[in-house]
Protein chains: 2
Amino acid sequence: MELLESIINRRTHRESFLDENISTVHLNHLIEAARWAPSPFNVQPWHLVVITTSQKKRAIGKLTANAIIEQFGDPEFLDDNSRWMRSSIEEWVDCEDGVLLQDQVNVPVGLSKPSVLKPVIKHASHFSKLGKFGGGKPAEETENLINCAPMLLAISMDRNRKPPGAGHLRWMWLGMGAMIQNILLAATELKIGSQFISAAIERTSDREKLSKILDLPSWHEVISLLRIGYLEKHNANENTTRSFRSVRRKTTDFVSYETYSQKKADEIKESSPA
Amino acid sequence: MELLESIINRRTHRESFLDENISTVHLNHLIEAARWAPSPFNVQPWHLVVITTSQKKRAIGKLTANAIIEQFGDPEFLDDNSRWMRSSIEEWVDCEDGVLLQDQVNVPVGLSKPSVLKPVIKHASHFSKLGKFGGGKPAEETENLINCAPMLLAISMDRNRKPPGAGHLRWMWLGMGAMIQNILLAATELKIGSQFISAAIERTSDREKLSKILDLPSWHEVISLLRIGYLEKHNANENTTRSFRSVRRKTTDFVSYETYSQKKADEIKESSPA
Ligand SMILES: Cc1cc2nc3c(=O)[nH]c(=O)nc-3n(C[C@H](O)[C@H](O)[C@H](O)COP(=O)(O)O)c2cc1C
Ligand SMILES: Cc1cc2nc3c(=O)[nH]c(=O)nc-3n(C[C@H](O)[C@H](O)[C@H](O)COP(=O)(O)O)c2cc1C
């Protein structure tokens, strides 16, 4: 696959994967991609814990489910959520950002019309207070996805591998992000799907619980958790299923020249395209 | 280029680039790669400022030079530096991490023997206190590289585009790292070299100065600064020049199974390689 193709085709997969183990060859390919990421002063602060046993998956699934239930009881989370949750493809394409609610949870038929769904999303914290909905169902769905995933990848950062400079933590985080992107891109090429499971590690207390599950030393911090597995054949080939859509802001919205607000690049326009 | 090839061949380039503008087509390719990065709740918090005028480059070059000079006067920086600075290729390959001093600065001939260089690096803060060396030369070299680069890319993060959840800043940073990696990989394929210039933005005060130069709004924070340009032909093709070497830790050093310290993956070994 061409690089830009992998970059554009990489998607977040929120459905179940094929019931098939990731082959050693493919796992090694993902690890080799991770290995060559850049990091400040080449400190390579990362550690990967590959999880395939159902005992560990179940422990992580339970941790995640609890975290999701608590998120749904937190008005601030729900309000922030409203800002990015889209109730229809039209709205999503129009906004050019955020996520489609239908991609996140199975929406009950009675709520699926955008005209009904939109106000529910907007006033989620209100409905939650009234006890009208909770995180039970999404928590259960996610727990199930975790338990059934062929593989989880827990990614930690070794705080002792710190580069010089006041900004060292910033550069370590960027390096971690680059490393994860390498994994996601390599996975795309192998028709391996992936999903971040961030709910499990939003809060310090949950990260500590996960550290215990993984037996991480005290100088390691959990940075990311991924669900990984082979994609259904139709997922891997088509652009029409739930998991194969996404939107992005227009280039002109996030690129400027010389200063933040200067939108035209006369100098660059004059150079001849290769 | 194959994806894994781009991932492995991507290098940090600390030498001058060809005196040739980045073409619009190529710039758009880098931007398109950035655009499709993943981000939490698809908030896409990034903004890119493309810099090609010598006025802006000079302002950033000066900011960087000052920052480097101050770094060289900071004993803590120099001590942290010693840990990751390698005095010979042999030492570097053996350590599997850190950076080669000769790749960072032009080492004076009198110091170039590893047996001389190693203790100098180790006791850098001591030598610095004695006034035996300062950041003048590296500062000047870097300033010059910045002034002569065909393009700088300043990357900022919009704090207002914050996703829900206690860990939101963490996820934003990982997304920024993924986005930058997309740019670096796309550049590799186009034989465009790149270098992070982090010295300019290690400290809050310097980031604020850079924000002023770029006229960033208050809710934006500078995250990264890249020097970008076409590579010399020999750089682009050979693996032997200063800029085309790197080392990495062995896979077994940073991958484990089920828990942090478990090194064998019996389950995975049993699955048949594809
Ligand atoms: C966030 C970040 C900041 C970095 N800052 C600098 C920098 O200021 N100057 C520099 O020469 N290299 C910088 N690097 C590059 C690393 O030194 C480089 O990635 C590492 O030594 C591995 O070498 P490679 O990129 O050639 O594989 C940075 C890398 C990252 C990820
Ligand atoms: C650091 C980070 C954390 C994320 N956490 C989650 C998550 O917990 N659950 C999830 O379904 N998607 C998560 N995502 C995926 C984003 O929602 C996704 O990248 C974005 O919506 C764009 O869609 P795409 O990845 O399909 O292009 C995360 C992404 C990043 C970069």
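Before going into details, it helps to say that this report is about the structure given with it. Sequence order sets the numbering: in each chain, residues are counted from 1 along the sequence as written. Here the convention is simple: chains get letters from A, ligands get numbers from 1, in the order in which they are written. Two thresholds apply to this predicted model, a pLDDT of at least 70 for residue-level local features and 80 or more for giving and counting side-chain atom pairs, whereas whole-chain, interface and lining totals are computed over all residues. Neither water nor hydrogens contribute to the side-chain values; these are computed over all heavy atoms in the structure.

We now examine the sheet that holds strand β6 (residues 220-230) of chain A. The rule for pairing is simple: two strands pair if DSSP sees at least two bridges between them. The numbering of helices and of strands both runs from the N terminus, where a helix is a DSSP run of H or I of at least 4 residues and a strand a run of E of at least 2. Here five strands make up an open sheet; going across it, the order is β5(A)-β6(A)-β4(A)-β1(A)-β7(B) and the pairing mixed. A strand with exactly one partner marks an edge of an open sheet, and here the two such strands are β5 (192-196) of chain A together with β7 (255-257) of chain B. In this sheet, adjacent strand axes meet at a mean angle of 25° when their direction is disregarded. Note that β5 of chain A and β6 of chain A share five bridges and pair antiparallel. Each bridged residue has a counterpart across the sheet, and for Gln-195 of chain A the counterpart in β6 of chain A is Arg-227 of chain A. Relative to the sheet, helix α11 (residues 204-214) of chain A contacts β1 (46-51), β4 (151-158) and β6 of chain A, its axis offset from that of β6 of chain A by approximately 70°. In this analysis an axis means a line fitted to C-alpha atoms, helices contributing only their contacting stretch, and an angle means the value between N-to-C directions, from 0 to 180 degrees. Any pair of residues with heavy atoms lying within 4.5 Å of one another is described as a contacting pair.

So, about the interface of chain A and chain B. With 109 residues of chain A in contact, the opposing surface of chain B contributes 109 residues. Values labelled buried area give the accessible surface lost by two parts on being combined, using a 1.4 Å probe and summing over both. Among the residues chain A hides against chain B, the three largest losses belong to Trp-36, Glu-258 and Tyr-260 of chain A. Together they make up 9% of the total. Criterion for a salt bridge: a side-chain nitrogen of Lys or Arg within 4 Å of a carboxyl oxygen of Asp or Glu. Linking chain A to chain B there are six salt bridges. Put simply, Glu-221 of chain A and Arg-170 of chain B hold a salt bridge, and the shortest N to O gap is 2.1 Å. Under the rule applied, a polar contact is a pair of N or O atoms within 3.5 Å (in protein, one hydrogen donor and one hydrogen acceptor; residues adjacent in sequence only if both atoms are side-chain atoms). Connecting chain A to chain B are 60 residue pairs in polar contact (both at pLDDT 80 or more). For the side of chain A that touches chain B, the element with the most residues is helix α10 (residues 168-189) of chain A, which contributes 15 residues. Across the side of chain A that touches chain B, the residue classes break down as 53 nonpolar, 29 polar and 27 charged. Two strands pair when backbone bridges link them, and strand β7 (residues 255-257) of chain A and strand β1 (residues 46-51) of chain B are joined in this way by three bridges, in the parallel orientation. By the bridge assignment for β1 of chain B, Val-255 of chain A is matched with Leu-48 of chain B. Three classes are used: nonpolar for Ala, Val, Leu, Ile, Met, Phe, Trp, Tyr, Cys and Pro, charged for Asp, Glu, Lys and Arg, and polar for all others, with Gly counted as polar.

Taken together, 18 residues lie near ligand 2, and Arg-11, Thr-12, Arg-14, Ser-198 and Arg-248 of chain A sit nearest. More than a single chain frames ligand 2: its nearby residues are located in chains A and B. At 2.6 Å from an oxygen atom of ligand 2 is found a side-chain nitrogen or oxygen belonging to Arg-14 of chain A. The separation between an oxygen atom of ligand 2 and a polar side-chain atom of Ser-246 of chain A is 3.2 Å. If you list the elements that add at least two residues to the shell around ligand 2, you get β5 of chain A together with α10 (168-189) of chain B. Taken together, the residues of the shell around ligand 2 sort by class into eight nonpolar, six polar and four charged. Any residue with a heavy atom positioned within 4 Å of a molecule or strand is treated as near that molecule or strand.

Residues and elements named next belong to chain B. Relative accessibility decides the category of a residue: with a 1.4 Å probe and only protein chains considered, values under 20% of the type maximum give buried, values over 50% give exposed, and everything between is partly exposed. Of all the residues in helix α4 (residues 75-84), the buried ones are Phe-77, Leu-78, Asn-81, Ser-82 and Trp-84. One face of α4 carries all of its buried residues, which in axial projection span an arc of 165°. Turning to α4, the residues buried within the fold contact α3 (54-72), β2 (85-86), β3 (99-100), α7 (114-122) and α8 (124-129). The residue sitting at the N-terminus of α4 and contributing the capping side-chain oxygen is Asp-74; that oxygen lies 3.0 Å from the backbone nitrogen of Glu-76. The directions from the helix axis to the C-beta atoms are what the arc is built from.

Spatial relationships are all this shows, so hold off on functional conclusions.
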